[in-house]
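One-letter residues, chain by chain:
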Amino acid sequence: MENRVKKAGVAKLEVAGKVVDLPVYSGTVGPNVIDVSKLYAQTGHFTLDPGFTSTGSCESQITFIDGEQGVLLHRGYPIEQLCDKSNFMELCYLLLNGKLPQKTEYDAFLKEVKHHTLLHTQQDRFFDGFRRDSHPMAMLTGAVGGMAAFYPGAVGNEDPAERKLGSIRLIAKMPTIAARCMKYTMGQKFVDPLNKFSYSENFLNMCFSVSAEEYEINPVLARAMDRFFMLHADHEQNESTSTVRLAASSGAHPFAAVAAGVACLWGPSHGGANEAALRQMRAIGSVDNIPEFVRQVKDPSSDIRLMGFGHRVYKNYDPRATVMQKTCHEVLEALDMKDHPQLKVAMELERIALQDEYFVNKKLYPNVDFYSGIILEAMGFPTTMFTVLFALARTVGWVSQLNEMLDDPTQKIGRPRQIYTGEAQRDYVPISAR
Ligand code: SDX
């Protein structure tokens, strides 16, 4: 990766009676940055930024988010245009390679991904170790980490061909693993990938087809699945991507690093919000109960949050939520489920929240997770599978960002510092003297 930051002046910091110059850099778009990498050497001070609200971890050329304007660009292309004109496989090529493919490149990429969708038969036995009622995200975390045992060659990340193969394998096999997590909890036989299908059609077939009858792909649902994957593909240095980067910065096996990302995504504040949001809408039950629920959310003594609302970066409408809401209406229309109970609750919740000063003042808008659960439930996915589908889609983002980090000549092993407020040094006291 060719570093492209541009010098944009100097920030002067006076600390402990000393003034130090800190370089300021600018990128293509977005806030300038102050390089504090030499701060400790110059001043003996660390910076402190719990949750990294003002801290950049890296230079990246993959995804840009303008939270104030509600803008999301993948390699410069707006998410709305990509969802309208492209498809998930082309977006994967774009994220991995930095440019839209020529037809020959696109066809070759599709062929390569299709060639790696099967799992090693031993991997199928991996699932037998889980209870049938295991949460699919627990199984996915284990299964993805377990892939490192089947592809030891991907360790070390030096060989570009090996790294590329590892990236393709993860993107290609994730739907097969995800569908197996669903089938296992349902007690149904695993369904293998069929290369006659597109990526999204294949996933639907592996999830929903049964040996007893033909499964017919509904093109509206296949398109909705593909768009769901596109909307979750990458999102800058979010929590799980930062986890993958940090894990891989030690030289860990890339599949193990991605498994760490899966584990992080599971949290309800992050990728687990789609499952939590739908459960919350079910618990609200009807629009009549919304005013009381919103009162509880606003009550300072309650820790109830409106799941699917708010975002660390978006302080405007999440552009993905706009596309997701449109997709939600398309799916419910196609399935003749326009009266889906949770849709009514979601739309009334959104209407109230967007005009309530609590949410307006805190700049809380629907995020990617607000409507996605309704789509997935309508398509027949169990609620516990929602975050698995998010992880499936985000795999290309994790892999793209991991590769970018490994290609960054300035990258080092990630090792944050702290401010220590524990006990000063003291001597051990034998138990007889305590
Ligand atoms: C994803 O980072 C990414 O890019 C993530 C993601 C991706 O694609 O990778 O976009 C995917 O994770 C989307 C977010 C999914 N999570 C949820 O929907 C869970 C509900 N949302 C929140 O928990 C919260 O909004 C976060 C975690 C998403 C963001 O939290 P921040 O930025 O740390 O904000 P905060 O917790 O400091 O909240 C600011 C204020 C607080 O009130 P005060 O302490 O200032 O009084 O807003 C309140 C919060 O209490 N608040 C909410 C709220 N979210 C924030 N109040 C009610 N409901 C909410 N949803």
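The structure we're discussing is the one just above.
Described in the following lines is the structure provided in the data block. (Residues numbered from 1 in each chain as written. Predicted model: local features only at pLDDT ≥ 70, side-chain atom pairs only at ≥ 80, totals over all residues. Heavy atoms only, no water.)

Moving on to the site of the ligand. Near the ligand there are 24 residues, and of these His235, Leu306, His311, Arg320 and Arg394 occur at the shortest range. Arginine 305 places a side-chain nitrogen or oxygen 2.9 Å from an oxygen atom of the ligand. A distance of 2.6 Å separates an oxygen atom of the ligand from a polar atom in the side chain of arginine 320. Contact with the protein chains hides 76% of the accessible area of the ligand, taken as 1,000 Å² for the molecule alone. Residue classes in the shell around the ligand are distributed as nine nonpolar, eight polar and seven charged. (Near = heavy atom within 4 Å. Polar contact = N/O pair within 3.5 Å; in protein donor to acceptor, adjacent residues only side chain to side chain. Areas by Shrake-Rupley, 256 points an atom, 1.4 Å probe, with all protein chains shown as cover. Nonpolar A, V, L, I, M, F, W, Y, C, P; charged D, E, K, R; others polar.)

A few words on the nonpolar core. Of all hydrophobic cores here, the largest spans 109 residues; its most connected members are Leu140, Phe203, Met225, Leu349 and Phe381. In terms of residue count, the dominant contributor to this core is helix H18 (residues 386-406) (12 residues). Within the second largest apolar cluster, five residues are counted, among which are Ala11, Val20, Leu22 and Leu39. (Core = buried A, V, L, I, M, F, W, Y, C linked by side-chain atoms within 4.5 Å. Buried < 20%, exposed > 50% of the residue type's maximum accessible area, 1.4 Å probe, protein only. Helix = DSSP H or I, 4+ residues; strand = E, 2+ residues; numbered from the N terminus.)

Positioned with a positive phi, alanine 16 is a non-glycine residue whose angle comes to about 50 degrees. For alanine 16, a relative accessible area of 69% corresponds to the exposed category. Unlike most non-glycine residues, phenylalanine 52 shows phi in positive territory, near 55 degrees. For phenylalanine 52, the location among the structural elements is in the loop between helix H1 (39-43) and strand E4 (63-66).

Tracing the chain through its elements places asparagine 403 in helix H18. The class of asparagine 403 is buried, set by a relative accessible area of 16%. Among all residues touching asparagine 403, those that are not within four sequence positions of it are Leu96, Arg163 and Ser167. (Contact = heavy atoms within 4.5 Å.)

Here we take up the environment of arginine 169. Within the secondary structure layout, arginine 169 lies in helix H7 (residues 160-186). On the basis of relative accessible area, arginine 169 is assigned to the buried category, the value being 16%. C-alpha of arginine 169 to C-alpha of leucine 119: the two residues are 50 residues apart in sequence and 9.5 Å apart in space. Setting aside chain neighbours within four positions, we find arginine 169 in contact with His116, Met147, Tyr151, Glu162 and Phe255.

Looking now at the pairing of strand E5 (residues 71-74). The pairing of E4 with E5 spans four bridges and is antiparallel. By the bridge assignment for E5, threonine 63 is matched with histidine 74. Hairpin connection of E4 to E5: four residues between the antiparallel strands, including glycine 70 at a positive phi of 65 degrees. In the sheet, E5 pairs with strand E6 (residues 77-78) via two bridges, with the strands oriented antiparallel. Residue pairing across strands places histidine 74 opposite tyrosine 77, the latter belonging to E6. Between E5 and E6, which pair antiparallel in sequence order, lie two residues; one of them, arginine 75, sits at a positive phi of approximately 50 degrees. (Pairing = 2+ DSSP bridges.)

Enumeration according to the criterion identifies 19 aromatic pairs in this entry. Here the aromatic cluster, defined as three or more aromatic residues joined through ring pairs, consists of Phe88, Tyr199, Phe203, Phe208, Tyr215, Phe228, Phe229 and Phe381. Above the face of the tyrosine 184 ring, arginine 132 is positioned so that its terminal group lies 4.0 Å from the ring centre. (Phe/Tyr/Trp six-rings, centres within 6.5 Å; stacked < 30°, edge-to-face > 60°. Lys NZ or Arg CZ within 6 Å of the ring centre and 35° of its normal.)

The tally for this structure, following the rule as stated, stands at 23 salt bridges. A salt bridge links arginine 279 to glutamate 275; the shortest N-O distance between them is 2.9 Å. Of this pair, arginine 279 and glutamate 275 both sit in helix H12 (residues 273-284), four residues apart, roughly one helical turn. The buried category is assigned to glutamate 275, whose relative accessible area is 11%. Its salt-bridge partner being glutamate 377, residue arginine 282 comes within 2.6 Å of it at the nearest N-O pair. Of this pair, arginine 282 sits in helix H12 while glutamate 377 sits in helix H17 (residues 369-379), and the two are 95 residues apart along the sequence. (Salt bridge = Lys/Arg side-chain N within 4 Å of Asp/Glu carboxyl O.)

Functional significance is not addressed by these values, which are geometric in nature.
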